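If you want the building blocks of each chain, they are given just below.
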Amino acid sequence: MSKNTDKILEALNGALGDRILQTRTLRPEKVCVQVKIGAHRDALKLLLKQDENAGISAITGVDLGKTIELMYHVRMRNTIITIGVDLPKENAKIESITDLIPGANFHEREVSDLFGVTFEGHPNPKRLILPEDWPENVFPLRKDFVAPDFQSKTENSEALKDNEQVFGDERLVNIVLGPQHPALIEPEKFTLKVEGEIVKEVKPRIGYVHRGIEKAAENRTYLQDIYLVERICGICNACHANCFCQTVEAIMGVDVPPRARYLRTIILELNRIHSHMLLLGHAGFEIGYETLFHYMWRDRERVLDIIEELTGNRIIASFITIGGVRRDLKEDVVPRIKVELEALRERMNFYRQVFENDSTLKMRTKNVGVLSRQDALKLCVVGPVARGSGVDMDVRRDEPYAAYGEIPFEVVTYDDGDSWARLMVRLDEIVESINIIHYALEHLPSGPYRVRVPRIVPAGEAIGRVEAPRGELFYYVKSNGTAYPERVKVRTPTFANILAFVKIAEGGNIADVPASFVSLDPCFSCTDR
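Let us look at the structure shown here. Note that the structure is a prediction, hence the values are computed from the model and not measured.

## Details of the pattern of salt bridges
Two side chains that carry opposite charge are able to pair once their charged atoms sit near each other.
Moving on, step 1. For the structure shown, the criterion picks out 47 salt bridges.
Moving on, step 2. Among the ionic pairs, Glu95 bridges to Arg41, the shortest N-O distance being 3.6 Å. Taken together, the positions of Glu95 in strand 6 (residues 93-95) and Arg41 in helix 2 (residues 40-50) put the pair 54 residues apart, joining distant regions of the chain.
Moving on, step 3. Overall, the relative accessible area of 42% leaves Glu95 in the partly exposed class.

In structure tokens, the structure reads:
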């Protein structure tokens, strides 16, 4: 346990006293402080005082039989501190923390949908994940859940209609984006109230592609779950596989071979380059700059070719497994990878000139969708969205995994907070990723690339984090001594960042909505799981 963690625990013990029921270990080197009902708010207030940059990473619900355990995972000082509360299953109620941490809004609504916990004082306790016609008092992530039998969907059809109207002010008009819309590749819904051309209010509604992956993970083996979590997001598949595997490895106490850690780093950075280039090209498309879209996606093919050479697949890599990686890197491939990366570096110099000097691109993104550093911290945003607002955070540096603790790199931040800054963070990170891959190839250790692990995972629980292209990806895994996990919790970066769209869109021009939205790099497949 680190000195910072010890200091935080000492402060919690001093402030809460006998309201702390117990403290237990979450691997690797994390703690969960179990408190009495009602003491969670005081505990969270103290954590916020301890670290002004602290924020909520996730809220996990776990069905313990007679009780529902709520776990508030707070990101602070290069670690995660968890505050746990047990609620009676029959009357699962607890006071909301959205007044303390506005970024907890979606987290609480998700737990309410899936576990039936009522968060008293929540500003918008409506459904978030489940459809409106889902039966009452049926909570999918409880252990006693039985799939409901919808006798007649036509009887519930009224609940699916968008009946929301604007009353009391004839100047306000509803503009509904989604769930099917040309600007949205995936189905989600955003209701914008507009006065003239100015956005006055945004109401998001997610869950349209919710696939129940967390529930499905409980009924599959750990090996099968690797393939399952990879399909949470096609673009970030390697990040999901790595985060899940390193979390399970922490429970098992498995040491991954050095060569495997470096190979994981290489595929993760290739994943980052691929994702960033896809987004930068798509940003050009959304602002009407289709030439940028075609150029960026053409150059992105180099990265996909490298991924195919390394893993055998262009998109879904299926490269990372528990104990290491599935394939070794052939020595004769290394020079070709270096040549392609150097060619890509030259292209990034060209794109930097475009982003810095092209008048059209700057006009559509500069001072558009501004998110201040203070708002970024309140909303607990992650990744390039946070770093574009001057928040210096990156899991690769703050809590190193794979081989990041051995590889030098710079964390890219911009203070502008606008759409341009968020895009520039990604552009600069591509160059940093190229540098990281070069270093990993030059210092690639010899030896095995995988260790064999048993199918049965001992009972325990662990937290895993990685810096996915869109930001911090969070996993909580609880095992029960079998080949099947007891609980798998996933909090994706876009889930943490969607509230920022509400903030940056309100007060802006309706024509700037696409540029603001795409600068967040939203992935609804990730968000809904």
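Still more ground to cover, so stick around.
## Things to note about the side chain of Thr221
Moving on, step 1. The residue Thr221 is located in the loop between helix 4 (213-217) and helix 5 (222-230) in this model.
Moving on, step 2. Under the relative-accessibility criterion, Thr221 is labelled buried at 12%.
Moving on, step 3. Excluding residues that lie within four positions of it along the chain, Thr221 makes contacts with Arg455, Ala483 and Tyr484.

## Some remarks on the packing of aromatic side chains
Moving on, step 1. The final tally for this structure, using the stated rule, is 14 aromatic pairs.
Moving on, step 2. With 4.6 Å between their ring centres and 55° between their planes, Phe501 and Phe517 make a pair best called tilted. Highlighted residues: Phe501 in helix 15 (residues 493-505) and Phe517 in helix 16 (residues 513-518), separated in sequence by 16 residues.
Moving on, step 3. Joined through ring pairs, the aromatic side chains of Phe190, Phe501 and Phe517 make up one cluster.
Moving on, step 4. We note Arg300 situated over the ring of Trp297; from NZ or CZ to the ring centre the distance is 4.8 Å.
Moving on, step 5. In this structure, Lys366 packs its charged tip against the face of Trp420, placed 3.8 Å from the ring centre.

## Details of the packing of helix 9 (residues 334-357) against helix 14 (residues 419-442)
Moving on, step 1. Their axes nearest at 10 Å, the elements helix 9 and helix 14 cross at an angle of 160°. On the basis of their axis angle, the class for helix 9 and helix 14 is roughly antiparallel. Regarding helix 9 and helix 14, the two cross each other, and that crossing is left-handed.
Moving on, step 2. By residue class, the composition of the contact of helix 9 with helix 14 is 16 nonpolar, two polar and seven charged.

## As for the nonpolar core
Moving on, step 1. Counting 94 residues, the largest nonpolar core has Phe244, Ile267, Leu270, Leu329, Phe355 and Tyr475 as its most contacted members.
Moving on, step 2. When neighbours within four sequence positions are excluded, Leu270 is seen to be in contact with Val303, Ile306, Ile307, Leu310 and Ile437.
Moving on, step 3. One finds Val74, Ile81, Phe190 and Ile498 within the second-largest nonpolar core, a separate group that totals 73 residues.

## Some words on the sheet that holds strand 14 (residues 471-479)
Moving on, step 1. Here we have three strands laid out as an open sheet, ordered 13-14-15, and antiparallel in their pairing. Edge positions in the sheet fall to strand 13 (460-468) and strand 15 (485-491), since each of these pairs with one other strand and no more. Direction aside, the axes of adjacent strands within the sheet are offset by 15° on average.
Moving on, step 2. Pairing analysis gives nine bridges linking strand 13 to strand 14, with the strands arranged antiparallel. Its bridge partner lying in strand 14, Arg465 is registered against Phe474.
Moving on, step 3. Across the face of the sheet, helix 5 comes into contact with strand 14 and strand 15 while running at roughly 155° to strand 14.
Moving on, step 4. Against the sheet, helix 6 (residues 237-252) makes contact with strand 13, strand 14 and strand 15, and its axis sits at roughly 150° relative to strand 13, the strand it touches most.

## Here we look at unusual backbone geometry
Glycine aside, a negative phi is what most residues show, and trans is what most peptide bonds show.
Moving on, step 1. Here the residue pair Arg27 and Pro28 is connected by a cis peptide bond, since its omega of -10° sits within 30 degrees of zero.
Moving on, step 2. One can find Pro28 in the loop between strand 1 (20-26) and strand 2 (30-35).
Moving on, step 3. Even without being a glycine, Cys380 presents a positive backbone phi close to 60°.
Moving on, step 4. With respect to the helices and strands, Cys380 occurs in the loop between helix 11 (373-378) and helix 12 (383-387).
Moving on, step 5. Although it is not a glycine, Ala402 adopts a positive phi angle of roughly 45°.
Moving on, step 6. Along the polypeptide, Ala402 turns up in the loop between helix 13 (395-398) and helix 14.

Rules behind the numbers
Residue indices follow the written sequence of each chain, beginning from 1 at its first position. Restriction of local features to residues with pLDDT of at least 70 applies here, the model being predicted, together with a cutoff of 80 or more for giving and counting side-chain atom pairs; totals for whole chains, interfaces and linings are based on all residues. Hydrogens and water are ignored here; the side-chain numbers use all heavy atoms of the structure. Salt bridges, as used here, are contacts in which a Lys or Arg side-chain nitrogen is within 4 Å of a carboxyl oxygen on Asp or Glu. Helix and strand definitions here come from DSSP, where helices need a minimum of 4 consecutive H or I residues and strands a minimum of 2 consecutive E residues; each element is numbered from the N-terminal end. Each residue's exposure class comes from its accessible area (1.4 Å probe, protein chains only) as a fraction of the maximum for that residue type: buried when under 20%, exposed when over 50%, partly exposed otherwise. Two residues qualify as a contact provided that any one of their heavy atoms is within 4.5 Å of a heavy atom in the partner residue. Ring pairs shown here join Phe, Tyr and Trp side chains whose ring centres sit within 6.5 Å, with only the six-membered ring taken for Trp; geometry is labelled stacked below 30 degrees between planes, edge-to-face above 60, and tilted in between. By the criterion adopted, a ring carries a charge over it if an Arg CZ or a Lys NZ lies within 6 Å of its centre and within 35 degrees of its normal. Convention adopted: a line fitted to C-alpha atoms gives each axis, helices being fitted over their contacting stretch, and angles between N-to-C directions are expressed from 0 to 180 degrees. In these notes the angle categories are as follows: under 35 degrees is roughly parallel, over 145 is roughly antiparallel, 65 to 115 is roughly perpendicular, and the rest is oblique. Crossing handedness: left-handed means the near helix sits turned counterclockwise from the far one by under a right angle, and right-handed means the same turn made clockwise. Residues were grouped as follows: Ala, Val, Leu, Ile, Met, Phe, Trp, Tyr, Cys and Pro as nonpolar; Asp, Glu, Lys and Arg as charged; and all remaining residues, including Gly, as polar. Residue types Ala, Val, Leu, Ile, Met, Phe, Trp, Tyr and Cys, when buried and joined through side-chain atoms within 4.5 Å, form a set referred to as a nonpolar core. Pairing between two strands is assigned when DSSP locates at least 2 bridges connecting them.

Take it as geometry only, folks, not as evidence of what the structure does.
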